[in-house]
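Read off the chains here:
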Amino acid sequence: MVTEKTEQWATKLGVILAVSGSAVGLGNFLRFPGQAAQNGGGAFLIPYFCALLLLGIPIGWAEWTMARYGGRKGFHSGPAILGVVGRGSIFRYLGLFSVLIPLAVSFYYTFVEAWCLGYTWHFLVNGGIGIDPSASYQEQAAVAAAFHNNFTGQSANGAIFETSFQTLVFWLIIFGINIYLIYRGISKGIERFCSIAMPMMAICAVLVLIRVLTLPANPDNPEQNVLNGLGNMWNPDFGALLNAQTWLAAAGQIFFSLSVGFGVILNYASYLRKKDDIALSGLTAAATNETFEVGFGGLITLTSAFVFLGAVGTLEAAKTGTFGLGFKTLPVVFAQMGPLGPYIGATFFFMLFLAAITSSISMYQPTLAFLQESLGVARFPATTILVVTCLIGSFSVMYFSQDGQFMSVIDDWVGTLFIFVLAGVQIICFSWIMGIDRGWRELHSGAKIKIPGLYKIVMKYIAPAYLLIVFSVFCVQNLGDWINDIMVSTNRQLALLLIVIVIGLLATCVFIGERRWRGRGLDVDGAEILDD
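Residues numbered from 1 in each chain as written. Predicted model: local features only at pLDDT ≥ 70, side-chain atom pairs only at ≥ 80, totals over all residues. Heavy atoms only, no water.

(A) Geometry of the overall build of the protein. When its secondary structure is counted, the protein shows 20 helices and zero strands. Taking 24 Å as the expected radius of gyration for a compact globule of 532 residues, we find that the protein reaches 22 Å, a close match to that expectation. Overall size of the protein, expressed as C-alpha extent along the three principal axes, is 70 × 50 × 45 Å. Counting every position in the protein, which comprises 532 residues, the buried fraction comes to 60%. A separation threshold of at least 6 residues defines the contact pool for the protein, and within that pool the share at least 24 residues apart is 84%. Accessible surface computed for the protein: about 19,100 Å², of which carbon and sulfur atoms make up 66%. A gap of 14 Å separates the mean positions of the 29 positive and 30 negative side-chain charges of the protein. (Helix = DSSP H or I, 4+ residues; strand = E, 2+ residues; numbered from the N terminus. Rg over C-alpha atoms; globule rule 2.2 N^0.38 Å. Buried < 20%, exposed > 50% of the residue type's maximum accessible area, 1.4 Å probe, protein only. Contact = heavy atoms within 4.5 Å. Areas by Shrake-Rupley, 256 points an atom, 1.4 Å probe, with all protein chains shown as cover. Lys, Arg positive; Asp, Glu negative; His and termini not counted. Charge placed at Lys NZ, Arg CZ, Asp CG, Glu CD.)

Written as structure tokens, this is what we have:
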């Protein structure tokens, strides 16, 4: 194989932090609070933890297991690994979703990353984004919305290159950092950076959380205090459990947050050794993600919004969307925090930046490994191909920026729908083709913990059934609207065209790679069973 044989994680902690870094992202601090606010507060946590235990953790274990097994065969890309485990070309081509998802999501994710860095700069240098805390809430919200729309170029296509040039500069800085870290490799780039960034992110989160938990009650509405804010998050509205949307949203959040079905773990865990633990490592990575999501994301965002906006205001803010809550509502909240407000705001957005960049570098690595493996090229030419592809994709997102429609299509179809597809492919491969008994033995090879035998039933029957139900309801409730939206929007049609083109290019690489691997006599169809 052309992929460097020296590519390997330096430490056990390093791979856990890297996988945790890929999972801990903007969704933890922005998407989770919004979903919880819109779906019954504490009631949302019930289906959320059900999805974690019955979908997120078991499918994550399946990914870790198949990845390490594929790595022992000398493969480090999702298509090759799923071809081995799935024993044929069908699953090899389905495996291209494990490259498409992180690659296409990276097209817009680095753009949002630039927002985080830009907001950090404005709060640190300018003391905020121009909000007057003495003005009415409506006026403050209008200023925040206008700043965001201008900064992100949502007024018209091409605006980012005219009135929002500053955002482009921040993006170029971030893109350069990402590519540099990826080119440095698994250990010297990704692992080393995540080992620094993850603790820094935790420190930032603790600092912001301390300030939020010590906020005084709203003088105009004394019932809007921290204690009631915590109650708003943790006290369940059980009526919401009767709404299928609550269960659907919870399952979707777990997939989005844990990077399950995202393709990253298939690459990352393939660099582990035969007896490296994956059972405890997978559980630890999931637990780390939940700490940031529920412990930090929920408590910081929902509690602070409740103190200043109340329950109704927080719900209305959540309805503006993931980015609306973070970039339009929270700046108004920080403006009310007095002299410390700008510093709390800067710390919060820097925390978002760290969360975003540890995720974005993980999105590039699977594609880089796939290009090296399928085309038989070294790291530098593979990185060059990756850079050109991402420049075209990211510049398309930034140019067709009006109302965020282009970006939303990629987020909906690739970052949501295709994740369900890949998760289903993976759990079927693990439980039914690899076989639950052989997969269970492979999972426990070198394991530091013994997973309860009940999870054999969960992984073989419950997780696939749960996934099928959620996916079916998801398609019924959302797919028709998505198709109708595409039919009436040129920007959305162009985004879908970009996705189709990328799929075609990746399928071509799978075809080339399969011929190369067979020509080299490699066990591409998993005919030879390796010892556990």
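So, next bit.
(B) Inspection of the packing of aromatic side chains at higher detail. Overall, the coordinates contain 40 aromatic pairs when judged by the stated rule. An angle of 75 degrees between the planes, with centres 5.1 Å apart, marks the rings of Y119 and F327 as edge-to-face. You can see Y119 sitting in helix 6 (residues 97-125) and its partner F327 sitting in helix 14 (residues 322-335), a full 208 residues away along the chain. Y119 sits in the buried class, given a relative accessible area of 0%. For the pair F420 and F474, a centre-to-centre distance of 5.3 Å together with 40 degrees between the ring planes defines the contact as tilted. Of the two residues, F420 is situated in helix 17 (residues 405-433) and F474 in helix 19 (residues 454-487); the sequence distance between them amounts to 54 residues. With respect to burial, F420 and F474 carry one shared label: buried. Members of the aromatic cluster, joined through ring pairs, are F111, W115, Y119, F123, F147, F151, F170, F323, F327, F334, F348 and F349. Seen from the ring of W432, K460 lies directly overhead, with NZ or CZ sitting 4.7 Å from the centre. (Phe/Tyr/Trp six-rings, centres within 6.5 Å; stacked < 30°, edge-to-face > 60°. Lys NZ or Arg CZ within 6 Å of the ring centre and 35° of its normal.)

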